[in-house]
Protein chains: 2
Amino acid sequence: MKNISNGHFETIVIGAGSGGLTVAIGLANLGREVALVEARHVGGDCTNVGCIPSKTLIHQARSGVGGAQALAETQHKRNHLRDEETSSVGATKHLTLIHGWARFLAPRRLEVQAEDGARQLLTADSIVVATGSRPRMVDIPGLPAERMLTNETVFELVQPPRHLAIIGSGVIAMELAFAFQRLGSQVSLVTRSSRVLEQAIPEASEALAASLAERGIAVHTRATPDRYDQVGATLHIQSNQGLLAMAGVDYVLLAVGRERHIDQSLTQTGARWSEQGIETDSYGKTTADGVYAIGDVTRTSTYTHSANAQGRRVVQRIAFPLLPAFGREPLFPNATFSEPEVAQVGMMPDAIARQYHPQLIQRIRVEFKDIDRGYTDGVRHGFIIIDAVRLTGRILGATVVGPHASELISFFNLAISERISLYRIYRLVFPYPTYSSGIAKVADTWMRTTLPNIVGELKAYLRYRLARPLPEQSAG
Amino acid sequence: MKNISNGHFETIVIGAGSGGLTVAIGLANLGREVALVEARHVGGDCTNVGCIPSKTLIHQARSGVGGAQALAETQHKRNHLRDEETSSVGATKHLTLIHGWARFLAPRRLEVQAEDGARQLLTADSIVVATGSRPRMVDIPGLPAERMLTNETVFELVQPPRHLAIIGSGVIAMELAFAFQRLGSQVSLVTRSSRVLEQAIPEASEALAASLAERGIAVHTRATPDRYDQVGATLHIQSNQGLLAMAGVDYVLLAVGRERHIDQSLTQTGARWSEQGIETDSYGKTTADGVYAIGDVTRTSTYTHSANAQGRRVVQRIAFPLLPAFGREPLFPNATFSEPEVAQVGMMPDAIARQYHPQLIQRIRVEFKDIDRGYTDGVRHGFIIIDAVRLTGRILGATVVGPHASELISFFNLAISERISLYRIYRLVFPYPTYSSGIAKVADTWMRTTLPNIVGELKAYLRYRLARPLPEQSAG
């Protein structure tokens, strides 16, 4: 508190979500005087309306716990963690928590307005914007407010819906569709996209579509909500089959993406930003001196682990400005806790196609049902797909779909980040019978297709290594 | 079949278990003429009485399937896979399956006796011994044969036992104790050891002991079976509390280790072997020219994945003798599918203590209950422990206890095998919330304890790097 009297801190962090906490606690632990400004709950989306409640709910649902009990346990765990995080912030030396809304007056100067209207002026050597995002809203005529849910309200339910219509098919939509189906809800998905989880490779979408169908979850692609009729609780949707009516829909969950939470006063700092987020360098520095940004407000992925990783790099940059930079930004893996889980790391196929000639790339796909652990566990949908450079065996990107995909992906993250080729992975022994022994099969397949034709592979490599990628096909 | 007439093959493999199949199919696929001699079922222990039925049973038990149904499904899956493997061997070109018992006459000459007594003489350029192991037996006076089980008979049960006494506390004992407890059996463990899963680090044994206790599985350490009394189905055991009587024990499962299945005729070849197994170099070559050995009959670990890995190296050595050797033998990870799972890779603490001064080693332990995924999933027992070299951050050994430990361990296998330091692992981003983000916490802890004291770490490193390890303490 020593600096609160004159309102000056070494660093002010705006937003006490995952990323903001990482920076605030990280710097405070290094002895810096830090203020953390938060308008709502400590913990941000992740603790309060994101990963923590969703993963608790998924775990309860998979463990066979009943709907009401699962929801109660989810709220209980969420509240407990929120309390813990709040008191841990309070107990951190050199860290001052300030409740209120922050507004920039200049690059290093803020005004914070408390709930009671009281204002205070704060200044700092550096300010970190970590204000996150909020759910994008869609207007559905006729839908009463109490029937509409977002990730910010869905975990307040005390009973699973009878019939939950989910608008969207991204990460949140997928995770909650499978969870509520397990809890006994009828679930219907309505999405503008032509496939679910569009951000993943099409093979992952196919596996999810098959699993959704098996569980009786209706999926309406290329469809949008039209209106809601309280008589019969009917949601009307526009699809390419015309107007459809879904009856008995007691709740509609909006999961159509996120909007960055950027206060217009940021213009006072000179930091550049657009709808895609605040511009930063690989250490979170914006175009304004002394102003940093991390997490959902930036252009990188909107995952908690991305915000944390960015936060750690900002701590390093602010606390040790003279330390050599750790090099390029790390890879950000993706994970969706659907059934099957979907995880991805490295380059996506479209990025590979922009950079490499297709003849230079070998794709290997191993089905989990063809390895022994998939057999003993009765896995139907799941695979590992990797794209590697021919001859060299360097992996460019990997997608895992299936049990524990979110755990397995870190192996590929390490291999890609450290440029460990498939020749070297081939040497590893994987415990039997595990899903990760699918990785051994990937390396076996690589060796079996590459070694007997090593001269041909060398020729192809030399020919296509510097060849241009094929021109992109114009969209249909 | 082209070579069967004169009885000569390029390679003969004795034993159609995991390791033997790897070699036989691997070489046949490369066009070598191979005979595979098997006295019982194709698939060996793993398919018939090991990993496949045990992991199927564990999966069924964890999914909440009832006892009789779980056992029926286990037999069904086992039989189906056995049939598949048998027909896949039959369909492999250049591979001849011969039923019978093999006996060495000379290094490259065998006699095979079929069940009907018919004998045939076989010769080969190389012979691979992959005859595996069998359960070690213990005599329990009074125990009728039909009340005694080993891993070779336990999966034939059609109902779970009412009260299963398991003699032993190794991998098989642990896995089946948790599985049968879930299927509704009362389970009691009787072990000579002072702790369960003695081959793991003591911290893993503690976690298992706590979990066993929570599930009401009685554990008698430093105890041996004394006799069985059919009246009241009572198993009497000797423990350090004297003679104890366990009532209503309808089945006793022996899981007290394995005996290598080595035919005395091996002496005809000049290959050296002892009770610890057949001696081989790192490519499976015995001391006899043209004779190889892999899997349980050798001195390495008795895991299916070890046998497979050795098999792949033998294929390489036989098929491509001029290829440069791939270097040192790979690391063999361990995995026990108990609850929690236990997995380990790299050097064990006792091996580290023999090679390094204790002041040179930093141990880091991260509890799963302290990371968010452990919190959402309510994990009570689980952790990551790594031993690393101070200053350099090189990991020497790792143990993971908890959900998906058998999958997470491959990350450490890659890191240790490729000598990727904790400084570099610190750079990685792990999906949130996963168990593997415990690895990030390990690296964070490393950085937090090492960086602020880098001069002290450097001094310690220089001082103890070449220092002798402490003399071993005399036992108790």
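All values derive from a computational prediction rather than experimental measurement.

Some points on the overall build of chain A
Moving on, step 1. Counting its secondary structure elements, chain A contains 13 helices and 24 strands.
Moving on, step 2. For 476 residues, the compact-globule estimate of 2.2 N^0.38 gives 23 Å, and the C-alpha radius of gyration of chain A, at 24 Å, lies within 12% of that figure.
Moving on, step 3. Viewed in the frame of its principal axes, chain A has a C-alpha envelope of about 75 × 65 × 45 Å.
Moving on, step 4. Here chain A, with 476 residues, has 57% of them falling under the buried criterion.
Moving on, step 5. Pairs at least 24 residues apart make up 63% of the contacts formed inside chain A by residues separated by at least 6 positions.
Moving on, step 6. Accessible surface, chain A: about 19900 Å² in total, of which carbon and sulfur atoms supply 50%.
Moving on, step 7. Each charge sign in chain A was given a centre, from 49 positive and 45 negative side chains, and these centres are 7 Å apart.

Thoughts on the environment of G311 of chain B
Residues and elements named next belong to chain B.
Moving on, step 1. Following the sequence through the fold, G311 ends up in helix 7 (residues 304-319).
Moving on, step 2. Under the relative-accessibility criterion, G311 is labelled buried at 0%.
Moving on, step 3. Taking C-alpha positions, G311 is 9.1 Å from A130, a pair spaced 181 residues apart along the chain.

Quick look at the side chain of K77 of chain A
Moving on, step 1. Tracing the backbone shows K77 of chain A in helix 4 (residues 67-91).
Moving on, step 2. As a buried residue without a salt bridge, K77 of chain A has its nearest oppositely charged side chain in E73 of chain A, at a separation of 4.4 Å.
Moving on, step 3. A polar contact is formed between the side chain of K77 of chain A and the backbone oxygen of Y375 of chain B, at a distance of 2.4 Å.
Moving on, step 4. Apart from the residues lying within four places of it in its own chain, the contact partners of K77 of chain A are T56 of chain A together with Y375, T376 and G378 of chain B.

With respect to the sheet that holds strand 14 (residues 242-246) of chain B
Remark on secondary structure: sheet strands pair via backbone hydrogen bonds, oriented parallel or antiparallel.
All names here are of chain B.
Moving on, step 1. The sheet built from three strands is open, its strands ordered 12-13-14 with antiparallel pairing. Looking at the sheet topology across the chains shown, the edges are occupied by strand 12 (224-229) and strand 14. Geometrically, the sheet is characterised by an average inter-axis angle of 25° between neighbouring strands, direction not taken into account.
Moving on, step 2. The pairing of strand 12 with strand 13 (residues 234-239) spans five bridges and is classified as antiparallel. Directly across from P225, in strand 13, lies its bridge partner I237.

Focus: the pairing of strand 14 of chain B
Strand residues, when the strand is regular, have side chains that alternate between the two faces of the sheet.
Moving on, step 1. Inspection of the sheet shows strand 13 of chain B paired to strand 14 of chain B by five bridges, in the antiparallel sense. What sits directly across from S239 of chain B, in strand 14 of chain B, is G242 of chain B.

Describing the pairing of strand 1 (residues 8-14) of chain A
Residue and element names in this part refer to chain A.
Moving on, step 1. With five of seven residues buried, strand 1 is to be regarded as a mostly interior element.
Moving on, step 2. Here six bridges tie strand 1 to strand 6 (residues 119-129), and the two strands are oriented parallel to one another. When the sheet's bridge partners are listed, H8 is paired in strand 6 with T123.
Moving on, step 3. Sheet analysis places strand 1 next to strand 2 (residues 34-38), joined by four bridges and oriented parallel. Across the sheet, the residue bridging to V13 is L36, located in strand 2.
Moving on, step 4. Once you follow strand 1 into helix 1 (residues 18-29) and on to strand 2, the crossover reads as right-handed.

As for the sheet that holds strand 24 (residues 395-401) of chain B
Residue and element names in this part refer to chain B.
Moving on, step 1. What the five strands build is an open sheet, ordered 20-21-24-23-22; its pairing is antiparallel. Single-partner strands in this sheet number two, and they are strand 20 (334-336) and strand 22 (361-367). Across the sheet, the mean angle from the axis of one strand to that of its neighbour is 10°, orientation sign disregarded.
Moving on, step 2. Direction of pairing for strand 21 (residues 342-346) relative to strand 24: antiparallel, over a ladder of five bridges.

Overview of the nonpolar core
One broad rule of soluble globular proteins: the nonpolar side chains tend to lie buried together.
Moving on, step 1. Counting 153 residues, the largest nonpolar core has F180, I386 and I425 of chain A together with F180, I386, F412 and I425 of chain B as the members making the most contacts within it.
Moving on, step 2. Excluding residues that lie within four positions of it along the chain, I386 of chain B makes contacts with Q362, R363, I364, I395, G397, A398, F412, L422 and V442 of chain B.

Description of the packing of aromatic side chains
All names here are of chain A.
Moving on, step 1. For the coordinates displayed, the defined rule picks out eight aromatic pairs over all chains.
Moving on, step 2. With 6.0 Å between their ring centres and 85° between their planes, Y423 and W446 make a pair best called edge-to-face. Placement of Y423 in helix 11 (residues 422-425) and of W446 in helix 12 (residues 437-450) is noted, with a sequence separation of 23 residues between them.
Moving on, step 3. On the accessibility criterion, W446 (0% relative accessible area) is buried.
Moving on, step 4. Among the aromatic residues, those joined into a ring-pair cluster are F411, F412 and F430.
Moving on, step 5. Here the basic side chain of R317 rests over the ring of Y283, its NZ or CZ set 4.7 Å away from the ring centre.

Concerning the relation of the copies chain B and chain A
Moving on, step 1. Each copy superposes on the other: chain B lies on chain A with an RMSD of 0.0 Å after a rotation of 180° and an axial shift of 0.0 Å. In short, the pair behaves as if placed about a two-fold rotation axis. Nearest to the rotation axis, the C-alpha of F411 of chain B is located 2.5 Å from it, this being the minimum over chain B.
Moving on, step 2. When you check the interface residues of chain B against chain A, 98% turn up at the interface there too, and the contact is symmetric in its surfaces.

Considering the packing of helix 3 (residues 51-62) of chain A against helix 5 (residues 171-182) of chain A
All names here are of chain A.
Moving on, step 1. Here helix 3 crosses helix 5 at 35°, and the two axes come no closer than 9 Å. Read as a crossing pair, helix 3 and helix 5 show a hand that is left-handed. The residues of helix 5 that touch helix 3, namely those facing S54, K55, L57, I58, A61 and R62, are E175, L176, A179, F180 and R182.
Moving on, step 2. Across the contact of helix 3 with helix 5, the residue classes tally to six nonpolar, one polar and four charged.

Topic: the interface of chain B and chain A
Moving on, step 1. Contacts between chain B and chain A engage 57 residues on the former and 57 residues on the latter.
Moving on, step 2. Taking both sides of the interface into account, the surface hidden between chain B and chain A amounts to around 5400 Å²; carbon and sulfur atoms contribute 60%.
Moving on, step 3. Seen at the junction of chain B and chain A, the total is four salt bridges.
Moving on, step 4. We note a salt bridge from R312 of chain A to D444 of chain B, for which the minimum N-O separation is 2.4 Å.
Moving on, step 5. Linking chain B with chain A are 19 residue pairs in polar contact (both at pLDDT 80 or more).
Moving on, step 6. Among the secondary structure elements, those contributing two or more residues to the side of chain B that touches chain A are helix 3 (51-62), helix 4 (67-91), helix 7, helix 9 (372-376), helix 10 (405-417) and helix 12 (437-450) of chain B.
Moving on, step 7. Residues that form the side of chain B that touches chain A fall into these classes: 29 nonpolar, 15 polar and 13 charged.

Criteria and thresholds
Residues numbered from 1 in each chain as written. Chains lettered and ligands numbered in written order. Predicted model: local features only at pLDDT ≥ 70, side-chain atom pairs only at ≥ 80, totals over all residues. Heavy atoms only, no water. Helix = DSSP H or I, 4+ residues; strand = E, 2+ residues; numbered from the N terminus. Rg over C-alpha atoms; globule rule 2.2 N^0.38 Å. Buried < 20%, exposed > 50% of the residue type's maximum accessible area, 1.4 Å probe, protein only. Contact = heavy atoms within 4.5 Å. Areas by Shrake-Rupley, 256 points an atom, 1.4 Å probe, with all protein chains shown as cover. Lys, Arg positive; Asp, Glu negative; His and termini not counted. Charge placed at Lys NZ, Arg CZ, Asp CG, Glu CD. Salt bridge = Lys/Arg side-chain N within 4 Å of Asp/Glu carboxyl O. Polar contact = N/O pair within 3.5 Å; in protein donor to acceptor, adjacent residues only side chain to side chain. Pairing = 2+ DSSP bridges. Axes fitted to C-alpha atoms, helices over the stretch in contact; angles between N-to-C directions. Right-handed = clockwise from strand over helix to strand, strands pointing away. Core = buried A, V, L, I, M, F, W, Y, C linked by side-chain atoms within 4.5 Å. Phe/Tyr/Trp six-rings, centres within 6.5 Å; stacked < 30°, edge-to-face > 60°. Lys NZ or Arg CZ within 6 Å of the ring centre and 35° of its normal. Least-squares fit on C-alpha atoms with pLDDT ≥ 70 in both. Left-handed = near helix turned anticlockwise from the far one by under 90°. Nonpolar A, V, L, I, M, F, W, Y, C, P; charged D, E, K, R; others polar. Buried area = accessible area lost by both parts, 1.4 Å probe.

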